[in-house]
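# What the coordinates show
The residues making up each chain are set out below.
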Amino acid sequence: MVSAYTGTQIRAAERPLLQGGGGPALMARAAHGLALAVVGELKRRGGVYGGRVAAVVGKGNNGGDALFALAELARRGVRATAVLTGTTAHAEGLAAFTAAGGRITDGLEPADVVIDAVLGTGFTGEFVSPLPRPHATVIACDLPSGVDGDTGLASPGVWRADVTVTFGALKTGLLVGRGRALAGRVEIVDIGLRPYLREPDVRSLDAADAAALLPVPRDDWHKYSRGVLGLVAGSEDYPGAAVLATAGALATGVGMVRLVAPDAVRALVLAAHPEIVGSAEPRGRVQAWAVGPGIADDDAQRRALATALGSGLPTVVDASGLEALGELLAADHGSGRRATEPRLAEILDRLAEDGSVAGERLVLTPHAGELSRILANFVSDSPDRAAIESEPLRWAREAAERLGVTVLLKGPATVCAAPDGTAFIQAEGDPYLATAGSGDTLTGILGALLATASGSGAHDAARPVELAALAAYIHQTAGRIAAERGPYGAGQLADAVREALAQVVWRATKGLSDEAGPQNRGPASR
């Protein structure tokens with residue numbers, strides 16, 4: 001499990017060590033880790049001795065880390081220079097730097113590697129870079145200067161790092177928003193904070209976590225104990241959505257799919273997947289629901305959506321289902337207006353009574369635009385799409401708390417949030433996942449996981465937010481696998497989902513982490 005902490009949490013963990021006189025030791029460990037990262041980059045470029053390394057140095061401890069790192073590099077024969085952004089700098093670091101032969105310069109000299117060390121985890125607000133980004137490998141010291149370590153917000157002029165060497169633990173701001181895009185490859189340097197770190201701000205599943213959450217095949221399994229998924233998907237306008245969601249569910253290993261769809265849509269799905277059971281309206285026993293892909297404004301499908309929402313079963317709502325749910329949530333409870341569908345009226349009553357729709361077992365899977373429209377019903381100054389994309393963790397948590405449901409917010413980094421604030425961020429996907437129908441496949445994957453967890457009857461079943469993160473992990477892994485053969489459409493994802501699941505199980509049995517594979521994009525530790 002990868003854990004990430006806010007900059008605020010990191011500073012709180014450092015406090016007892018600093019108060020006990022451990023500041024110099026912390027800085028020494030951080031500087032050494034930074035120097036090792038620079039050495040690695042210099043070796044990739046040809047060699048360490050005679051290499052050119054410059055740093056842009058702020059006046060605080062972040063700058064001190066860089067100055068001590070430069071001193072270590074100078075002692076190894078590196079030509080080290082520094083540009084000071086203020087009238088002062090970390091005194092001990094500056095003394096070590098100059099004693100080792102480092103030079104202070106007025107501007108950046110040509111360099112193989114440039115260290116960005118102006119600001120650290122204490123920064124919030126607007127930042128204007130003192131210099132334009134150089135044409136060199138940029139290594140950020142702890143964070144790219146100007147990135148908020150808590151949120152990932154960043155000013156327009158922040159330098160994009162090729163590598164970020166972060167100290168103590170992974171920072172939340174390096175996983176989400178512009179912080180993720182600006183961080184480059186992230187390396188974590190252990191400086192001794194682990195005993196002082198409390199509950200992480202967010203988590204991210206790795207292969208071992210994914211394998212532990214997957215259901216273990218049992219000799220006594222039958223189709224009902226493997227889980228039966230009720231799937232409300234497809235319409236005359238969007239029949240393919242039902243095919244893709246069904247394929248995603250079957251590839252994930254659910255025992256049965258009961259498809260609710262118009263006649264023509266069922267015929268199309270049956271031609272591709274003859275094992276499904278179909279009907280025009282909800283019928284038969286299910287253990288979870290997945291509703292919304294491609295249902296558009298089909299009246300019968302909207303009624304089926306209401307049945308699923310009123311069932312009390314684990315339910316994932318996506319696409320057109322989110323639009324319908326948004327209309328439901330926008331109803332004026334104080335006006336006495338009733339929904340025409342009785343089950344919708346029951347849900348409205350429940351919402352009015354306790355502020356939730358169905359608890360955390362209801363999982364909404366919006367993209368930023370869809371979440372903006374949902375939040376408009378609850379937030380007076382509701383965020384637009386751009387605001388949500390800038391702070392996805394904040395707004396996913398806001399929606400989960402206000403609605404009392406689980407939220408899977410789709411984007412470059414998928415954020416999964418529970419009503420109690422528990423959050424996972426999965427950011428291992430491939431850009432080609434941004435294709436029509438990809439979300440339908442994800443809905444099928446998550447619906448299958450919810451159904452299997454419900455069908456197993458296990459007392460220690462995973463929480464919906466964990467299963468949402470697992471679905472995102474599987475989906476993103478499948479996207480990377482499919483991309484190995486070039487660009488793809490959503491129709492190629494189901495086969496890749498099977499391969500992704502096999503890969504997860506293989507890694508777990510071999511005791512390998514994600515770092516063992518060629519597709520690792522997560523943070524590395526030193």
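Refer to the preceding data block for the structure.
Throughout what follows, the structure given in this document is the object of discussion. Remember, it's a predicted structure, so these values are computed and weren't measured experimentally.

What counts as what
- Residues numbered from 1 in each chain as written.
- Predicted model: local features only at pLDDT ≥ 70, side-chain atom pairs only at ≥ 80, totals over all residues.
- Heavy atoms only, no water.
- Buried < 20%, exposed > 50% of the residue type's maximum accessible area, 1.4 Å probe, protein only.
- Helix = DSSP H or I, 4+ residues; strand = E, 2+ residues; numbered from the N terminus.
- Pairing = 2+ DSSP bridges.
- Axes fitted to C-alpha atoms, helices over the stretch in contact; angles between N-to-C directions.
- Parallel < 35°, antiparallel > 145°, perpendicular 65-115°, else oblique.
- Left-handed = near helix turned anticlockwise from the far one by under 90°.
- Contact = heavy atoms within 4.5 Å.
- Core = buried A, V, L, I, M, F, W, Y, C linked by side-chain atoms within 4.5 Å.
- Patch = residues over 30% accessible without salt bridge, like charges linked within 9 Å, V, L, I, M, F, W, Y side chains within 5 Å.
- Areas by Shrake-Rupley, 256 points an atom, 1.4 Å probe, with all protein chains shown as cover.
- Salt bridge = Lys/Arg side-chain N within 4 Å of Asp/Glu carboxyl O.
- Lys, Arg positive; Asp, Glu negative; His and termini not counted.
- Charge placed at Lys NZ, Arg CZ, Asp CG, Glu CD.

### A few points about the pairing of strand β18 (residues 414-417)
With burial as the criterion, each face of β18 is covered, one bearing T414 and C416 and the other bearing V415 and A417. When strand β17 (residues 406-409) meets β18, the two strands line up antiparallel, connected through 3 bridges. What sits directly across from L408, in β18, is C416. Following β17, the chain reverses through 4 residues before pairing antiparallel with β18. Where β18 hands over to strand β19 (residues 423-426), the hairpin turn is made up of 5 residues, of which G421 adopts a positive phi near 95°.

### Description of the packing of helix α2 (residues 23-45) against helix α3 (residues 61-75)
Where α2 meets α3, the closest approach of the two axes is 8 Å, and the angle between their N-to-C directions is 55°. In terms of their interaxial angle, α2 and α3 are classed as oblique. Between α2 and α3 the crossing geometry is right-handed. Here α2 contributes M27, A30, A31, H32, L34, A35, V38 and V39 to the contact with α3, which in turn contributes N61, G64, D65, A66, F68, A69, E72 and L73.

### With respect to the nonpolar core
The nonpolar side chains of a soluble globular protein tend to be buried with one another. Counting residues in hydrophobic clusters, the biggest one holds 59 residues, and the most contacted among them are V254, L446, L470 and I474. The greatest single-element share of this core, amounting to 12 residues, is contributed by helix α16 (residues 464-483). When neighbours within four sequence positions are excluded, L470 is seen to be in contact with L205, A210, L213, L214 and L449. Counting residues in hydrophobic clusters, the runner-up holds 50 residues, among them V186, A308, L322 and I388.

### Observations regarding a negative patch on the surface
A cluster of acidic residues, E236, D237, D297, D299 and E323, forms a negative patch on the protein surface. On the secondary structure map, D237 appears in the loop between β11 (228-232) and α7 (240-252).

### Some points on the pattern of salt bridges
Counting across every chain of the model gives 21 salt bridges. Here R45 and D112 are joined by a salt bridge, their closest N and O atoms 3.9 Å apart. Residue R45 is found in helix α2, and its partner D112 is found in the loop between β4 (103-104) and β5 (113-117); the two are separated by 67 residues along the sequence. Residue classification places D112 among the buried positions, given a relative accessible area of 14%.

### Overview of the environment of V505
By the secondary structure assignment, V505 is in helix α17 (residues 493-510). For the pair V505 and A207, spaced 298 residues apart in sequence, the C-alpha separation works out to 8.1 Å.

Everything listed here is a matter of geometry and, on its own, says nothing about what the molecule does.
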